[in-house]
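So you can see what is in the structure, the chains are spelled out below.
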Amino acid sequence: LSVSAGTSMCLGDERTLTASGGTGYSWAPATGLSCTTCSTTTASPTVTTTYTVSATVSGIPTSATVTVTVNVVPSAIMGESAICAGTTTMLSNAFTDGTWASNDTSVATINEWGEMTGITAGTTTITYQLPNTCLSTVDITVGSPAAIDGITAIYPGTTATLTCMPEGGTWSAS
């Protein structure tokens, strides 16, 4: 009786386990398995689990084991998901041993501390990946700074609202 090699996965993922060389398969424990009497089953445990598959090989009851290691997934990325080009904001994660990356550095960059800078208008995905390869992502929208249009003067005692879409950035007067 042979069984697929042990595997690791991130919490919430699934792995295919396959046994071969026998008949009358039975997998245990049943927790997290899609089929306990099939030669191939899908495992989606929530904790590291060692599965035992039993079968008959040449008339002899036989068993084999396989361990599925479940790795922790980083928490959701916290911080602004929309900024203006030319501005920076800090993103964070409850875990401190991961690495940050942007899938499109022409739109936004992010450094090792989670400081993200909007470069040009567009969208990108920021990833925070733990050493166990599990990751968390957030989609980021970078907007162009809003043009100040139609306002040529502000009189004492009056106000004007200026915006950048998406929100973010720092306003200054000169």
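For clarity, every value in this text was computed on a predicted model and none was experimentally measured. (Residues numbered from 1 in each chain as written. Predicted model: local features only at pLDDT ≥ 70, side-chain atom pairs only at ≥ 80, totals over all residues. Heavy atoms only, no water.)

## Concerning the overall build of the chain
Convention followed: Strands here are runs of E lasting at least two residues and helices are runs of H or I lasting at least four, both read from the DSSP assignment and numbered beginning at the N terminus.
When helices and strands are counted, the chain shows zero helices and 14 strands. Order of helices (α) and strands (β) in the chain, N terminus to C terminus: β-β-β-β-β-β-β-β-β-β-β-β-β-β.

## A few points about unusual backbone geometry
At the junction of Ala28 and Pro29, the peptide bond is cis and its omega measures out at -5 degrees in the coordinates. Phi angles above zero are rare outside glycine, and Ser58 is one such case at about 50 degrees. Tracing the sequence through the fold places Ser58 in the loop between strand S6 (49-57) and strand S7 (60-71). With a phi close to 75 degrees, Thr133 is a non-glycine residue in the positive phi region. Note that Thr133 resides in the loop between strand S13 (122-129) and strand S14 (135-143).

## Describing the state of the cysteines
The bond known as a disulfide is covalent and runs between the sulfur atoms of two cysteines. This is how the line gets drawn: Disulfides are defined in this document as cysteine sulfur pairs within 2.5 Å. Exposed residues in this analysis have more than 50% of their type's maximum accessible area, buried residues have under 20%, and partly exposed residues fall in between, with area computed by a 1.4 Å probe over protein chains only.
All chains considered together, the criterion is met by two disulfides. Residue pairing for Cys10: its cysteine sulfur links by disulfide to Cys134, the two sulfurs lying 2.0 Å apart. Negative torsions about the S-S bond denote left-handed disulfides, and the value of about -105 degrees found for Cys10 with Cys134 makes this one left-handed. Of this pair, Cys10 sits in strand S2 (residues 7-10) while Cys134 sits in the loop between S13 and S14, placing them 124 residues apart in sequence. What makes Cys10 buried here is its relative accessible area of 13%.

## Points about the environment of Thr7
Condition: It only takes one pair of heavy atoms within 4.5 Å for two residues to be counted as in contact.
With respect to the secondary-structure elements, Thr7 resides in strand S2. Once the C-alpha coordinates of Thr7 and Val66 are considered, the two residues, 59 residues apart in sequence, prove to be 8.1 Å apart. Excluding its chain neighbours within four sequence positions, the residues that come into contact with Thr7 are Arg15, Thr67, Val68 and Thr69.

## A closer look at the pairing of strand S3 (residues 15-20)
Our working definition: The pairing criterion is simple: DSSP has to find at least two bridges between the two strands.
Pairing geometry for strand S1 (residues 2-3) and S3, over two bridges, is antiparallel. Its bridge partner being in S3, Ser2 is matched across the sheet by Ser20. In the sheet, S3 pairs with strand S5 (residues 40-43) via four bridges, with the strands oriented antiparallel. Residue Arg15 lies in a different strand from S5, and its bridge partner there is Ala43.

## Considering the packing of aromatic side chains
Formally: Between 30 and 60 degrees the pair is tilted, below 30 it is stacked and above 60 it is edge-to-face, where a pair is any two Phe, Tyr or Trp rings, Trp via its six-membered ring, whose centres lie within 6.5 Å.
Summed over all chains, the structure comprises one aromatic pair. An angle of 55 degrees between the planes, with centres 4.5 Å apart, marks the rings of Trp100 and Tyr128 as tilted. Of this pair, Trp100 sits in strand S10 (residues 99-102) while Tyr128 sits in strand S13, placing them 28 residues apart in sequence. Like Tyr128, Trp100 is buried.

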